[in-house]
Amino acid sequence: MSKTTYSKTFKSLGSLLLLTGALSCGVKDPEINPQSVNGGTPSYPPVGDVFRLTESANLIDGNLSEQYRGSLTIWNPDADTKKLAKVLELSKLSREAKDRYLMAKKPVAEVDALIRQKQNSIQKIKATLGDPMKEMEFHFDQEVKLLESSHQWVNARVKPEKQIQLTQYCDTVLLQFASSSFLRNQTLAQRPIPSGLCERSYEERGMFKGATCKDPSPDVGNYFACIWAEGVLKSSLKLYTKAKKEATAEDTENFVKNLNSLKAWLDAKESWVLKAGKLGEDFRIGFNPTNSNPKIADVLNDSRSQLFNAEDAKAVDELNQLRVATDLSTKLTFNDFIYNRHRLNKMPGSTLNNDDKVKLTEFSGTHSEIMGSMFKDPAQAEVQKVEEDIKALQTQKDELFLKANKHFNDAKTIDGNAAKLIKDGTLEVLPPENRLPDQHLGLAIYPDVLVSLDRKGDSVKVAVEVREKRTAKVLTACLDWATSKQVSCEASDKEVAAEEASLNKETGRLFLKTTIEEADDLGFVEKAINEKDADFSLILLEKLAGTRFELELFPARLGETLRTVTGSLTLKDKQGAILYMGSLVLVEPCE
């Protein structure tokens, strides 16, 4: 290949080739005929509209800051033009894939806009609601229906042979309720429900039928005595004396007489399920004095695991889990909130914190049989409908994105194949009969080139890094904005001032020229080819010392908005003969 052909060919390559990460946002399709390179230099159409490097909204205030990142390929002067044509063909295929990616992204953006529109509408609806959580109440007038559905829910899950475990579970929950601060501290208008899931079990065993449940104590205990005397003591739980002997009828009578004066109970650290009595010393409650004397938490956990699957056990646990109320200064379970809140003589306002309300709403949606149905303001129902629309749109967006991403990944694969051709002249994805003889098309690839332009007032400073953040010194030049001529500027010890520089504001052509004293100062390195790395350089640094460095860049707009900078790097000897040619492709950040 002649020096003239070499120069023209690689300047053309510099205007088309997009490799090693530079192709990130798409480009117009060039018309390439691989056969045209057989006799010499191929001819290529322009890749896009020229724009001025100085175009920027920031120019309104007289300042500008632009950056373009991409890659530099230094070519082998003896490269086979057929291989170059193959690289160009791959570049064309990559651009086609990127164009398909951009086209596929359009409906993604449209769906995204719809999602934002609907999210905005939700905010407007919620603004009319004020606090929609305050409008949520359970249909307490449907309590009978709710209790029946709870009974059916339990029956559908508990087999006949599991009735013993169900009774033990219900009696343990009853004991937990009997020992709760809710029961101890609240004045209720009706007998409270220890557990909606167990109400039928209690009823079938004739519990809560005595006088203390029909005519509750007027003092602070209220239904406390009812739950203990007509509930706990009539359950499968047993009352034992301090000596761990089962209580006699007289002991039980004395215990009942002193129910309202009890000051302490529930000590889960004991081996017995619960201690009860004056200061917790006189009596104990347990299932059987000869068994393992389980703790209340152990009985509940064991029973749930035997009676229900994981999802249902979670719902049951939520129903009876203690929650801190916001305006009762006490603790409520969801069961209390659903079944007992309206029984309080003093109806509280919002009694659950927001996190608990959200959780309660979620469980009422999946377990309405035991959690009840929520009443919602019509506007709140509209919010739910829009939220469902957003969820469907999000699914649609994800599907569209996957389709678009496939085109992007196709382009990345093609880019990788082109880079492999440049590195070693082979392409494993080609059939063996179509593979080209091994030869390096490229002598070096630098994938981290950075060109920046900073304008302050009438001065424009250009900086070039061959290896961004790893270049020892940055090549810089300053130009007068009005005349576009080079002017002197202060340079730090980390900068090398260009000997010549010019900027054509009409065509966008940027030209820099300098002499390379120390090649590694400007970021040039010697690096062997490694398949795991994108960069390499087979040029000896000693061959670059003293060479003339000429950088010529042209801007080109690709697609609707993407701005790129392509061009050539020429390295000449002292007599002006071309030693090496390189192609640069830079793009502005896509975000």
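Residues numbered from 1 in each chain as written. Predicted model: local features only at pLDDT ≥ 70, side-chain atom pairs only at ≥ 80, totals over all residues. Heavy atoms only, no water.

A. Focus on helix H10 (residues 296-307). Spanning 12 residues, H10 covers 17 Å between terminal C-alpha atoms, matching the ideal 16 Å at 1.5 Å per step. Listed as buried for H10 are Ile-296, Val-299, Leu-300, Ser-303, Arg-304 and Leu-307. Down the axis of H10, the smallest arc covering the buried residues is 125°, so these residues share one side. (Helix = DSSP H or I, 4+ residues; strand = E, 2+ residues; numbered from the N terminus. Expected span 1.5 Å × (residues − 1). Buried < 20%, exposed > 50% of the residue type's maximum accessible area, 1.4 Å probe, protein only. Arc of directions from axis to C-beta.)

B. Local environment of the nonpolar core. Residues Tyr-169, Phe-208, Trp-228, Val-232 and Met-371 are the most contacted members of the largest nonpolar core, which totals 58 residues. The dominant element in this core, judged by the number of residues it contributes, is helix H4 (residues 163-178), at eight residues. Each residue touching Phe-208, except ones within four places of it in the same chain, is listed here: Leu-174, Arg-191, Pro-194, Tyr-202, Cys-213, Cys-226, Ile-227, Glu-230 and Gly-231. (Core = buried A, V, L, I, M, F, W, Y, C linked by side-chain atoms within 4.5 Å. Contact = heavy atoms within 4.5 Å.)

C. Representation of the state of the cysteines in the model. On inspection of all chains with the given rule, the structure shows three disulfides. Disulfide partner of Cys-170: Cys-198, at an S-S distance of 2.1 Å. Disulfide Cys-170 to Cys-198: torsion about the S-S bond roughly -80°, handedness left-handed. Note that Cys-170 is positioned in helix H4 and Cys-198 in the loop between helix H5 (181-185) and helix H6 (199-204), a separation of 28 residues in sequence. When its relative accessible area of 0% is taken as the criterion, Cys-170 is described as buried. (Disulfide = S-S within 2.5 Å.)

D. Looking closely at the pattern of salt bridges. Using the criterion set out here, one finds 22 salt bridges in the structure. Linking Arg-470 and Asp-448 is a salt bridge whose minimum nitrogen-to-oxygen distance equals 2.6 Å. Here Arg-470, found in the loop between strand S11 (459-465) and strand S12 (474-480), pairs with Asp-448, found in strand S10 (residues 442-456); they are 22 residues apart in sequence, far enough to count as distant. For Asp-448, a relative accessible area of 30% corresponds to the partly exposed category. Across the pair Arg-548 and Glu-499 runs a salt bridge whose closest N-O atoms are separated by 3.0 Å. (Salt bridge = Lys/Arg side-chain N within 4 Å of Asp/Glu carboxyl O.)

E. Spatial organisation of the pairing of S10. Burial runs high along S10: 12 of the 15 residues are buried. In terms of strand pairing, S10 meets S11 through seven bridges, oriented antiparallel. Among the inter-strand pairings, Leu-450 is bridged to a residue of S11, identified as Glu-465. Two successive antiparallel strands, S10 and S11, enclose a turn made up of two residues, where Gly-457 displays a positive phi of approximately 65°. (Pairing = 2+ DSSP bridges.)

F. Focus on the confidence of the model for the chain. The share of residues in the chain with pLDDT of 70 or more is 72%, and the mean pLDDT across the chain is 75. Long-range and interchain partners of residues 8-51, a stretch whose pLDDT sits below 50, account for 123 contacts in this model, where long-range means more than four residues apart. Every residue in residues 131-141 is under pLDDT 50, and counting partners more than four places away or in other chains gives 28 contacts. (pLDDT = per-residue confidence, 0-100.)

G. Structural context of the environment of Trp-481. Residue position: Trp-481 is located in the loop between S12 and strand S13 (486-487). By relative accessible area, Trp-481 is classed as buried at 18%. Along the sequence, Trp-481 and Val-460 sit 21 residues apart, while their C-alpha atoms lie 6.3 Å from each other.

H. Examining helix H11 (residues 310-320) more closely. Turning to H11, its buried residues are Asp-312, Ala-313, Ala-315, Val-316, Glu-318, Leu-319 and Asn-320. N-capping of H11 is provided by Asn-309, with a side-chain oxygen placed 3.2 Å from the backbone N of Glu-311. (Polar contact = N/O pair within 3.5 Å; in protein donor to acceptor, adjacent residues only side chain to side chain.)

I. Highlighting the packing of aromatic side chains. For the structure shown, the criterion picks out seven aromatic pairs. Taken together, a centroid distance of 6.4 Å and an interplanar angle of 70° make the contact between Phe-524 and Phe-549 edge-to-face. Here Phe-524 is found in the loop between strand S16 (510-515) and strand S17 (536-537), whereas its partner Phe-549 is found in strand S18 (residues 548-558), with 25 residues between them in sequence. Residue class for Phe-524 comes out buried when judged on its relative accessible area of 1%. The structure contains a cluster of three or more aromatic residues connected by ring pairs, namely Phe-224, Trp-228 and Phe-255. (Phe/Tyr/Trp six-rings, centres within 6.5 Å; stacked < 30°, edge-to-face > 60°.)

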